[in-house]
Amino acid sequence: MRYAPTIARLIAELGKLPGIGNKSAQRLAFHILSMPSEDVLSLSDSIVSARNSVRLCSVCQNYTDRDPCSVCSDTNRDPTMICVVENPRDVSTMERMRDYQGLYHVLHGVYSPLQNVGLDALKLKELITRLQQNDKVREVIIATNQTAEGEATALYISRLIKPSGIRVTRIASGLPMGSDLEFADDVTLSKAMRARHEF
Ligand SMILES: [Zn+2]
């Protein structure tokens, strides 16, 4: 099927989004073309302004529009615990559970040599500096996904932190092996968190 160049471009851009195949991209493109122009403007503006105003929290590396983020600047949170997660979505998953009152650190990935993600690409230096500059932290809970890459990353981080004397724990494997945190239901996640074990 041949489209006008502007429509073809829209389909191509939408098709770059995760989970959007060519057919879905075409459906979305034609839906957008049928929308009132104010709604299209509002959609494009929400994308541009989110992209421009959201940055990484200088403390936990999560996405935020103010620095430090709302979790890091909340004085009711327990500053003695840091939960290390793979990505910003995992923070939302943990927060949904409402059980955990500590702080977070977002790695933005896991060590994955096969996919060319080295340790340098992760926000690990930031975690170590954070622990060195802050003597309140008593426990680091590693909640990377229970995949081979998540396990390898967890082990590496535990070896990195252990010499400092801070307790390092791993979220329990109540979650199915190879599964992502975001697909866990609240009860399973809450159990996995409570049954965490020492490295
Ligand atoms: Zn933060």
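Peer 1: I'm lost on the overall build of the protein in this one. Help?
Peer 2: Each helix and strand counted, the protein has seven helices and seven strands in total. Counting helices and strands in the order they occur from the N terminus, the protein gives α-α-α-β-β-β-α-β-α-β-α-β-α-β. Along the first, second and third principal axes, the C-alpha set of the protein runs to 65 × 35 × 35 Å. Relative to its 199 residues, the protein shows a buried fraction of 24%. Taking as baseline every contact in the protein between residues at least 6 positions apart, the subset at least 24 positions apart corresponds to 54%.

Peer 1: Teacher, can you tell me more about the pairing of strand β4 (residues 102-106) here?
Peer 2: Within a regular beta strand, the side chains point alternately toward one face of the sheet and then the other, so they alternate between its two faces. For β4, the buried fraction is high: four of the five residues fall into the buried class. Following the chain from strand β3 (residues 78-85) across helix α4 (residues 88-97) to the adjacent parallel β4, one finds a crossover that is right-handed.

Peer 1: Help me understand the sheet that holds strand β7 (residues 197-198), please; the structure alone is not making it clear to me.
Peer 2: Two orientations exist for strands paired in a sheet by backbone hydrogen bonds: parallel and antiparallel. Ordered in space as β4-β3-β5-β6-β7, the five strands form an open sheet in which the pairing is mixed. Strands with a single pairing partner mark the edges of an open sheet, and in this sheet they are β4 and β7. Taken together, the five bridges between β3 and β4 define a ladder with parallel strand orientation. The residue bridging Val84 from the neighbouring strand is His105, located in β4.

Peer 1: Looking at this structure, how should I read the domain arrangement of the protein?
Peer 2: By a widespread convention, an interface's size corresponds to the accessible area lost as its parts come together. What the domain assignment reports for the protein is domain 1 (5-53) and domain 2 (63-198). When each unit is reduced to the centre of its C-alpha atoms, the spacing between domain 1 and domain 2 is 33 Å.

Peer 1: Could you clarify how one ought to interpret the pairing of β3 in this entry?
Peer 2: Alignment of β3 against strand β5 (residues 139-142), held across four bridges, turns out to be parallel. Bridge pairing in β5 links Ile82 to Val140.

Peer 1: What am I meant to see in the confidence of the model for the protein here?
Peer 2: Atom-level detail of predicted coordinates should not be read off regions where pLDDT is low. A residue-level look at the protein finds 96% of positions with pLDDT of 70 or above and a mean pLDDT of 91. Looking across the protein, the model is least confident in helix α7 (residues 186-194), with a mean pLDDT of 79, and most confident in β4, with 97.

Peer 1: How should unusual backbone geometry be read in this particular structure?
Peer 2: Residues other than glycine predominantly adopt negative phi, and peptide bonds predominantly adopt the trans conformation. Of note, the bond from Asp67 into Pro68 is cis; its omega dihedral lies within 30 degrees of zero at -5°. Examined against the element boundaries, Pro68 turns out to sit in the loop between β2 (63-64) and β3. Here Arg98, not a glycine, exhibits a phi torsion of approximately 60°, which is positive. Considering the arrangement of structural elements, one finds Arg98 in the loop between α4 and β4. Arg98 gets classed as exposed once you count the C-beta atoms within 10 Å, which come to 9. Residue His108 is not a glycine yet carries a positive backbone phi of 60°. One can find His108 in the loop between β4 and α5 (124-132). We classify His108 as partly exposed; it has 18 C-beta atoms within 10 Å.

Peer 1: Any chance you could explain the environment of Asp45 here in plain terms?
Peer 2: Relative to the assigned elements, Asp45 resides in helix α3 (residues 37-53). For Asp45, a count of 10 C-beta atoms within 10 Å corresponds to the exposed category. Here the alpha-carbon distance between Asp45 and Ile161, two residues 116 residues apart in the chain, equals 42 Å.

Reading guide: rules and limits
- Residues numbered from 1 in each chain as written.
- Predicted model: local features only at pLDDT ≥ 70, side-chain atom pairs only at ≥ 80, totals over all residues.
- Helix = DSSP H or I, 4+ residues; strand = E, 2+ residues; numbered from the N terminus.
- Buried ≥ 20, exposed ≤ 12 C-beta atoms within 10 Å, placed from the backbone.
- Contact = placed C-beta atoms within 7 Å.
- Right-handed = clockwise from strand over helix to strand, strands pointing away.
- Pairing = 2+ DSSP bridges.
- Domains from an automatic or database assignment.
- pLDDT = per-residue confidence, 0-100.

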